[in-house]
Amino acid sequence: MGAEVAAAGGSLPGFLGRKSRYARMDDVLPPEPEDGGGVRVRGGGSSRRYVFACSVFASLNHVLLGYDVGVMSGCIIFIQKDLHITEVQQEVLVGCLSFISLLGSLAAGRTSDAIGRKWTIGLAAAVFQAGAAVMTFSPSFAALMAGRLLAGIGIGIGIMVAPVYISEISPAALRGTLASFPEIFISFGILLGYVSNLAFSGLPDHINWRVMLGAGILPSISIAFVLLVIPESPRWLVMQGRLADARGVLAKVSDGEEEAQERLAEIEEAARATGSGKAAWRELLRPSPVVRRMLITGLGVQFFQQATGIDALVYYSPTIFRDSGMTTESQLLAATVAVGFSKVAFIVIAIVLVDRVGRKPLLYISTVGITACLAVLAASLALLKHGALPGGAAVGLAVLTVCGFVAFFSVGIGPINMVLSSEIFPLRLRAQAVAVGFGLNRMASGGVAMSFLSICRAVTVAGAFAAFAAVSAMSVVFVHLFVPETSGKTLEQIESLFGGVGVASGELELGGAARLEHKRLVPNASSS
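Residues numbered from 1 in each chain as written. Predicted model: local features only at pLDDT ≥ 70, side-chain atom pairs only at ≥ 80, totals over all residues. Heavy atoms only, no water.

Identification of the protein as Major facilitator superfamily (MFS) profile domain-containing protein from Urochloa decumbens is taken from an unreviewed UniProt entry. According to the UniProt record, the Sequence similarities (unreviewed entry) comment for the protein reads "Belongs to the major facilitator superfamily. Sugar transporter (TC 2.A.1.1) family." A UniProt comment under Subcellular location (unreviewed entry) is attached to the protein, and it reads "Membrane". (UniProt positions renumbered as here; feature names shortened; annotations may be inferred.)

In structure tokens form, the structure reads like this:
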């Protein structure tokens, strides 16, 4: 009953052949007699490839968000020329997407519980397609805003449901890696948007921005194929009483029949505590100490991800580079493409490391690195303004620090906020809590995007990034105080990290850094 497991000697075959430091408690098999007590772990390559494919398909909606963010940084230059919009209208057009997507995120919690995670993914794509089409053919600023409204709601729905879906089909040993996929697709979408800006900037001003926006419809069309391929979330199926369907899905995403049964039993046990949607909202509004700690962690990470200024860098990178001394549009757009490549490259590194290194160490690296880059960027722009830094050096430092910022962001807090948000809450609260977290994330994003130009006008670009550096320094303290290590644990076990009813004390031991440890099998171990 109280058996504990050691990692000595054996190692978990990681995803696609990669070695993992962690083994799930339910993946460890009894020692082989001829091995003299070594630990054997299941392989399950085919099930992992299937989970991988489902995670990729579920993340495609995030390309839409990334593309919209990236393409708008260049579109706004040509929209201003074609429609003659003011600076305030530029801020509203850019920043409103985040506030509008907040509505979609909040609606997605109820929608995903009502029609399922899978069909909510399809709904998100359909709404975005309608919005992108309206924006493409907009004759005026008002029509452009109407299309932005629809696109924002679709994006809000999509960015909420995919991390939940992925966390609910993934085994614990792979959940961090797979739940990071939405962020890499956002990064890839941003890069596509930057490339689209550069590729179509040579067209006439009344056509180029329309082509840039219209190209965003293409990724969403693929969602129709996705709905024919991916299964429904087994946790949602259990909540609907469809146990046979849930068992069938788990058989496809687990390493064997035994593991599928164990995961089904865990989900059923968690589902017994699940009440109605109204009950979930009541519990979130009047949280217990355990739920309060979960909310502090989940909402805090969502807030700091955006409050450090990532959307200001992504949306307004041409403005930043122009302030550092760049002049031509081609130079500005080419520099943004470099930023996009940096973001994609480092998000891939994060996906490799998130289950090897753990969530918290990557968050430390990320927040400290972001703080340093923001401080250097602010200092270099201030020195340039006072004539204490040569123009060429200022341009080089601006490109280096902006690329460094997105690199540190992408290796840590960028993807990990999605991982944590989708895994720390119990099943009965997950959809609603994740929706609230994404809502806060979108509010912070919109606040940054809609106020950045005005702040720069009031305190200079250097002053704005000095403020972001101060916020980023606070995020380092937050990670240290409030974020536990969740790598390698099942969704049901994570509740114990926050003081809830967790797994038996003999299964897991949390060290001072809350790291999952594997111990040797102890004969005749007793359970308290």
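## Regarding the nonpolar core
Grouped together as the largest cluster of nonpolar side chains are 145 residues, with contacts concentrated most on Ile79, Phe405, Phe452 and Phe465. In terms of residue count, helix H22 (residues 427-482) provides more of this core than any other element does, 20 residues in total. Other than its neighbours up to four places away in sequence, Phe452 contacts Glu91, Ala312, Tyr316, Ile320, Ala464, Phe465 and Phe468. (Core = buried A, V, L, I, M, F, W, Y, C linked by side-chain atoms within 4.5 Å. Buried < 20%, exposed > 50% of the residue type's maximum accessible area, 1.4 Å probe, protein only. Helix = DSSP H or I, 4+ residues; strand = E, 2+ residues; numbered from the N terminus. Contact = heavy atoms within 4.5 Å.)

## Quick look at helix H2 (residues 61-83)
Across its 23 residues, H2 extends only 29 Å between first and last C-alpha, which sits more than 12% below the 33 Å expected from 1.5 Å per residue. Within H2, the axis deviates most sharply at Met72, by approximately 40 degrees. Among the 23 residues of H2, 20 are classified as buried, and the element is accordingly described as predominantly covered. (Expected span 1.5 Å × (residues − 1). Bend = angle between axes of the 7 residues up to and from the residue.)

## So, the pattern of salt bridges
What the rule picks out here adds up to nine salt bridges. Between Glu87 and Arg457 there is a salt bridge, with the nearest N and O atoms lying 1.8 Å from each other. Separated by 370 residues along the polypeptide, Glu87 in helix H3 (residues 87-115) and Arg457 in helix H22 bring together distant segments of the chain. Classification of Glu87 as partly exposed rests on a relative accessible area of 36%. Judged by relative accessible area, Arg457 falls into the exposed class, the value being 53%. (Salt bridge = Lys/Arg side-chain N within 4 Å of Asp/Glu carboxyl O.)

## Let's talk about the packing of aromatic side chains
Note on aromatic pairs: each is described by the distance of the centres and the angle between the planes. Summed over the entire model, instances satisfying the criterion amount to 11 aromatic pairs. Residues Tyr316 and Phe452 carry aromatic rings whose centres are separated by 5.3 Å and whose planes lie at 20 degrees to one another, so their mutual orientation is stacked. Note that Tyr316 is positioned in the loop between helix H16 (310-315) and helix H17 (317-324) and Phe452 in helix H22, a separation of 136 residues in sequence. Overall, the relative accessible area of 1% leaves Phe452 in the buried class. Through pairs of rings, three or more aromatic residues link up here, namely Tyr315, Tyr316, Phe452, Phe465 and Phe468. (Phe/Tyr/Trp six-rings, centres within 6.5 Å; stacked < 30°, edge-to-face > 60°.)

## A word on the side chain of Lys360
Within the element layout of this structure, Lys360 appears in helix H19 (residues 359-385). Buried charge Lys360 goes without a salt bridge, the closest partner of opposite sign being Glu485 at 7.9 Å. There is a polar contact of 3.3 Å between the side chain of Lys360 and the backbone oxygen of His480. (Lys, Arg positive; Asp, Glu negative; His and termini not counted. Polar contact = N/O pair within 3.5 Å; in protein donor to acceptor, adjacent residues only side chain to side chain.)

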